[in-house]
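Below are the chains, spelled out letter by letter.
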Amino acid sequence: MDECQSAIPAHDGDLHVVAAAHHIVKALGTTKNLSDDLRKILIDLDAHLSLITSNIDSKGGKGFVEVEERLKRVERKIVIWESDRIMIWDSGPKEASDYLEAVDEVQTLIDSLRGLSMNENQKQKELLHRASSLLQMAMSRLEEELIHMLVKHKQQSEPTYIPSPSSQRNVVYNESVVSLDNESAKEASSKNSCSDECGEYIVDLVPEHVIPDIKSIAKVMFASDYGQEFCEAFIGVRKEALEQHFDILENGKLSIEDLLKMEWCSLSTEMNKWTWSMKIIFGVYLMSEKRLCDQVLGEFGSVNSFCFLEIAKTTILCLLNFGEAIAMGPQEPEKLLRLLDMYETLADLVIDIDALFSEDGGSFVRLEFHKLLEGLADSVKAAFNAFGVAVSSNGSLYPFPGGGVHPLSKYVMNYISMFPEYCSTLNLLLEDQHSDVASLVSEPQCGPTASLSTSCPMACHLRSITSSLESNLHKKSKLYKDEALQHIFLMNNLHYMVQKVKGSELRPFFGDEWIRKHNAKFQQHEMNYERVTWSSVVLLLKDDNPGSSSLSKSAFKEKCKGFSIAFEEVYKNQTSWCIPDPQLREDLRISTSLKVVHAYRTFLGRNPAHVDDKCIKHAVEDVEKLLFDLFEGSPRSLRNSRRMMKT
């Protein structure tokens, strides 16, 4: 007992030391996995400190005088800021440091008072109540300071590579309009040049020099058992900041019903926004937000991951809901490119998502995004198959005017010209259908000697689609009553297909053999046109009696008349026919001119005696010039053409 009496502090000012020691011993006693020896030591020490406390209490209230004085001094330091609404951390580092020291002192006094047994000591209860109220006041002020600091120093980071809403690729087939012409197809076939920059790009969401101040508030609040209040304030400000960044990307919070009712042009824009939002939110802001959470809360264990998840959850759910709605909706062919963009973006980000939400609390985020990736993969395959079906089943009731390049040909070839940039993804997703499609494609590129490009799944699917297009074009050609126009139509469209393959990144996937074969096809239709159109016209100039030197004037005149009527009929019809490609049009005019003009000149040369204005309606030079009016796509009268030639 004498030994215990000698351990009693000589000064009342040491009360808090004993109380703190008693508090620590009790805390250690609750620790799991203690050895029996260590637990016995702690029990003995706890009993010893309790005895000391009991002896102190027996002295009455005199021991609390110094505690009360210290409480009054620290109270003045804290309360003075309640009447002055200037923010403490805006006043300078010394003011902030003094305030934090005052809060530490209050917490020390509370720990000292709580460490003593009450024994119905009214003074002790009064001091504890005052100190607790003062601490609560200080915690509320620190919460305000934290919110002010986070809002004041919030960085308005907007990466320069956020695309404008007009940056979009819309491809819609329509019988009268093809929205993707040659020039826009070339532009659209290149992804936005900044897409490669949208990887991990961490920015300072709060300036570096402010982080220590935020951490100092965090340490004091957590030490005072106000960690929950700190987290709520921190989460609230950072969550609002993230949602503001999300709003900058113009992502609307749309329901599944909204998306299902939306016109394609608007839906395409929303899908494009989603793709970029995923890149920016995950590749930039959430990476940056995670670093900020690590800097501020890294030493507080699971609190760090909890706060990060709470900050990100609303935005993540919004992105997930949109993606799931798209994956669940009908997969029309025009969605294919957008779906590919969405799939590739998520596939690129899924490793980062797994890393950001590696804790158990974030497992639902990882799971949902992996499910969405699978859903988008299925959507891509469904849209690709729908595209092939649409190409083969597209029907027409009327022939396309002028026999030019059909909108379906433009749509298909311009659309597939964008597929090479998705080659790796399409090869992966179409692999399970590769053998079935390869067996249907007759081109030798799918054989055992094929190159990697021409034998890959995407290449065989592309050739299958163009094969369906060819079959469809042959059906459409039968809508023309004029056999010659059937050949012009097929010549135009096959030539267009070849040029699109030769002049784009499609060439390696089709191969030179495909190009040679289809060159021969459109050239055959060119020859068939000449045969069907001009053979009968030239035949009118044939000499019925090859043995004689010349025709009689009446016979000569009759043949000239027949030739003129047949030629004018061709001219009247075929000036309205269309060959859009200038080189192809020029080549066919020259080829036709060589045959027709040569035959006409030879005919007139064999009968020079009868050549006069009464017998000949068209001179050789007239015929030659008139042939160059053909295939312009607009009807012309022969009279106007003759007047133009004479002037």
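Residues numbered from 1 in each chain as written. Predicted model: local features only at pLDDT ≥ 70, side-chain atom pairs only at ≥ 80, totals over all residues. Heavy atoms only, no water.

Going by an unreviewed UniProt entry, the protein carries the name Exocyst subunit Exo70 family protein and comes from Gossypium barbadense. Note on the protein: under the UniProt heading Sequence similarities (unreviewed entry), the record states "Belongs to the EXO70 family." Under the UniProt heading Function (unreviewed entry), the note attached to the protein is "Component of the exocyst complex." (UniProt positions renumbered as here; feature names shortened; annotations may be inferred.)

A.B. asks: Please explain the overall build of the protein as it appears in this structure.
C.D. replies: A tally of regular secondary structure across the protein gives 26 helices and zero strands. Taking all 647 residues of the protein together, the buried fraction comes to 48%. Sequence separation of at least 24 residues holds for 81% of the intrachain contacts in the protein that already meet a minimum separation of 6. If you sum the accessible surface of the protein, you get close to 31,500 Å²; carbon and sulfur atoms cover 53% of it. (Helix = DSSP H or I, 4+ residues; strand = E, 2+ residues; numbered from the N terminus. Buried < 20%, exposed > 50% of the residue type's maximum accessible area, 1.4 Å probe, protein only. Contact = heavy atoms within 4.5 Å. Areas by Shrake-Rupley, 256 points an atom, 1.4 Å probe, with all protein chains shown as cover.)

A.B. asks: Looking at this model, I keep getting lost on the pattern of salt bridges. Mind explaining?
C.D. replies: Where charged atoms from two side chains of opposite charge approach closely, those side chains can pair. This structure, assessed with the given rule, holds 22 salt bridges. With a shortest N-O distance of 2.7 Å, Glu 105 and Arg 70 are connected by a salt bridge. Taken together, the residues Glu 105 in helix 6 (residues 93-115) and Arg 70 in helix 4 (residues 65-83) connect sequence positions 35 residues apart. A salt bridge links Lys 371 to Glu 368; the nearest nitrogen and oxygen atoms lie 3.6 Å apart. With a gap of three residues between them, Lys 371 and Glu 368 both fall in helix 15 (residues 363-393), about one helical turn apart. Among the residues examined, Lys 371 registers a relative accessible area of 46% and is labelled partly exposed. (Salt bridge = Lys/Arg side-chain N within 4 Å of Asp/Glu carboxyl O.)

A.B. asks: How should I be thinking about the side chain of Ser 591 in this particular structure?
C.D. replies: The residue Ser 591 is located in helix 24 (residues 582-606) in this model. A residue is classified by how much of its surface remains accessible, and Ser 591, at 18% relative accessible area, is buried. Within polar-contact distance, the side chain of Ser 591 engages the side chain of Glu 530 at 2.5 Å. Within the structure, Ser 591 has its side chain in polar contact with the side chain of Lys 595 (distance 3.4 Å). (Polar contact = N/O pair within 3.5 Å; in protein donor to acceptor, adjacent residues only side chain to side chain.)

A.B. asks: Would you explain a positive patch on the surface in this entry?
C.D. replies: Where like charges cluster on the molecular surface, the positive patch consists of Lys 72, Arg 73, Arg 76 and Lys 77. With respect to the helices and strands, the residue Arg 73 is situated in helix 4. (Patch = residues over 30% accessible without salt bridge, like charges linked within 9 Å, V, L, I, M, F, W, Y side chains within 5 Å. Lys, Arg positive; Asp, Glu negative; His and termini not counted. Charge placed at Lys NZ, Arg CZ, Asp CG, Glu CD.)

A.B. asks: What is the right way to look at helix 4 in this model?
C.D. replies: A turn of α-helix holds 3.6 residues, and therefore any two residues three or four places apart point the same way. The end-to-end C-alpha separation of helix 4 is 27 Å, in line with the 27 Å expected for 19 residues at 1.5 Å each. At Arg 76, helix 4 is deflected by roughly 25 degrees, the largest bend along its length. Along helix 4, the positions that sit buried rather than exposed are Val 67, Glu 68, Arg 70, Leu 71, Val 74, Ile 78 and Trp 81. (Expected span 1.5 Å × (residues − 1). Bend = angle between axes of the 7 residues up to and from the residue.)

A.B. asks: Looking at this model, I keep getting lost on the nonpolar core. Mind explaining?
C.D. replies: Across soluble globular proteins, nonpolar side chains show a tendency to be buried alongside one another. Within the largest apolar cluster, 171 residues are counted, with the highest numbers of intra-cluster contacts made by Phe 230, Phe 282, Phe 357 and Phe 419. In terms of residue count, helix 12 (residues 264-297) provides more of this core than any other element does, 16 residues in total. In this structure, Phe 282 is in contact with Ser 277, Met 287, Ile 316, Leu 319, Leu 349, Ile 353, Leu 356, Phe 357 and Phe 369, ignoring residues within four places of it in sequence. (Core = buried A, V, L, I, M, F, W, Y, C linked by side-chain atoms within 4.5 Å.)

A.B. asks: Even after reading the chapter, I still don't get the state of the cysteines, so can you show me in this structure?
C.D. replies: Using the criterion set out here, one finds zero disulfides in the structure. Cys 231 forms no disulfide, and the closest cysteine sulfur to it belongs to Cys 307, at a distance of 3.4 Å. The exposure class assigned to Cys 231 is buried, which follows from its relative accessible area of 8%. The thiol of Cys 293 is unpaired, and the distance to the nearest cysteine sulfur, on Cys 307, comes to 6.4 Å. (Disulfide = S-S within 2.5 Å.)

A.B. asks: Would you mind going over the environment of Phe 357 with me for this structure?
C.D. replies: Within the secondary structure, Phe 357 is located in the loop between helix 14 (336-356) and helix 15. Using a relative accessible area of 3% as the deciding quantity, one classes Phe 357 as buried.

A.B. asks: Just to check I follow, could you spell out the packing of aromatic side chains for this structure?
C.D. replies: Between two aromatic rings, the relevant description is the distance of the centres plus the angle of the planes. Per the stated rule, a full pass over the model turns up 19 aromatic pairs. Taking 6.1 Å as the distance between ring centres and 80 degrees as the angle between the ring planes, the aromatic pair formed by Phe 387 and Phe 419 counts as edge-to-face. Pair noted here: Phe 387 is in helix 15 and Phe 419 is in the loop between helix 16 (407-416) and helix 17 (423-429), with a separation of 32 residues, a long-range link. Across this residue pair, the class does not change: Phe 387 and Phe 419 are buried. Taken together, a centroid distance of 5.3 Å and an interplanar angle of 50 degrees make the contact between Tyr 480 and Phe 489 tilted. A residue is classified by how much of its surface remains accessible, and Tyr 480, at 5% relative accessible area, is buried. On the accessibility criterion, Phe 489 (0% relative accessible area) is buried. Ring pairs connect the aromatic residues Phe 384, Phe 387, Tyr 411, Tyr 415 and Phe 419, which therefore count as one cluster. Positioned over the ring face of Trp 276 is Lys 279, at 4.7 Å from the centre of the ring. (Phe/Tyr/Trp six-rings, centres within 6.5 Å; stacked < 30°, edge-to-face > 60°. Lys NZ or Arg CZ within 6 Å of the ring centre and 35° of its normal.)

A.B. asks: Any chance you could explain the confidence of the model for the protein here in plain terms?
C.D. replies: Regions with low pLDDT carry predicted coordinates that are not meant to be interpreted in detail. For the protein, per-residue confidence averages 82 on the pLDDT scale, and 77% of positions sit at 70 or higher. The least confident element of the protein, judged by mean pLDDT, is helix 1 (residues 2-6) at 38; the most confident is helix 21 (residues 483-502) at 97. Note on residues 444-450: pLDDT is under 50 here. Beyond four places in sequence and across chains, it has 15 contacts. Counting interchain partners and residues more than four positions distant, the pLDDT-below-50 stretch residues 640-647 has 11 contacts. (pLDDT = per-residue confidence, 0-100.)

A.B. asks: Can you help me understand the environment of Ser 455 in this one?
C.D. replies: Looking at the secondary structure, you find Ser 455 in helix 19 (residues 452-455). For Ser 455, a relative accessible area of 23% corresponds to the partly exposed category.

A.B. asks: Help me understand the packing of helix 16 against helix 20 (residues 457-477), please; the structure alone is not making it clear to me.
C.D. replies: How two helices sit against one another is set out by the angle between their axes and by the gap between those axes. Where helix 16 contacts helix 20, the axes come no closer than 11 Å and their chain directions differ by 175 degrees. Between helix 16 and helix 20, the interaxial angle falls into the category roughly antiparallel. Residues Leu 408, Ser 409, Val 412, Met 413 and Ile 416 of helix 16 pack against Leu 462, Ile 465, Thr 466, Leu 469, Asn 472, Leu 473 and Lys 476 of helix 20. By residue class, the composition of the contact of helix 16 with helix 20 is eight nonpolar, three polar and one charged. (Axes fitted to C-alpha atoms, helices over the stretch in contact; angles between N-to-C directions. Parallel < 35°, antiparallel > 145°, perpendicular 65-115°, else oblique. Nonpolar A, V, L, I, M, F, W, Y, C, P; charged D, E, K, R; others polar.)

A.B. asks: Can you help me understand the environment of Val 537 in this one?
C.D. replies: Along the chain, the position of Val 537 falls in helix 22 (residues 507-539). Counting along the chain gives 30 residues from Val 537 to Phe 567, while the straight-line C-alpha distance between them is 6.9 Å.

A.B. asks: How should I be thinking about unusual backbone geometry in this particular structure?
C.D. replies: Note on backbone geometry: most residues besides glycine have negative phi, and most peptide bonds are trans. A positive phi is found at Asp 225, a non-glycine position, where the angle reads about 65 degrees. The exposure class of Asp 225 is exposed, given its relative accessible area of 69%.

A.B. asks: So what exactly am I meant to see when it comes to a nonpolar patch on the surface here?
C.D. replies: A surface patch of nonpolar side chains, about 320 Å² in accessible area, is lined by Ile 256, Leu 260 and Met 328. Note that Met 328 resides in helix 13 (residues 302-328). Here Met 328 falls in the exposed class, since its relative accessible area comes to 61%.

A.B. asks: Teacher, can you tell me more about the side chain of Asn 492 here?
C.D. replies: Structurally, the position occupied by Asn 492 is in helix 21. For Asn 492, the side chain forms a polar contact with the main-chain oxygen of Gly 403, separated by 2.7 Å. A polar contact is formed between the side chain of Asn 492 and the backbone oxygen of Cys 578, at a distance of 2.8 Å. Beyond its immediate chain neighbours, meaning those up to four positions away, Asn 492 contacts Gly 403, Gly 404, Val 405, Cys 578, Ile 579, Pro 580 and Leu 584.

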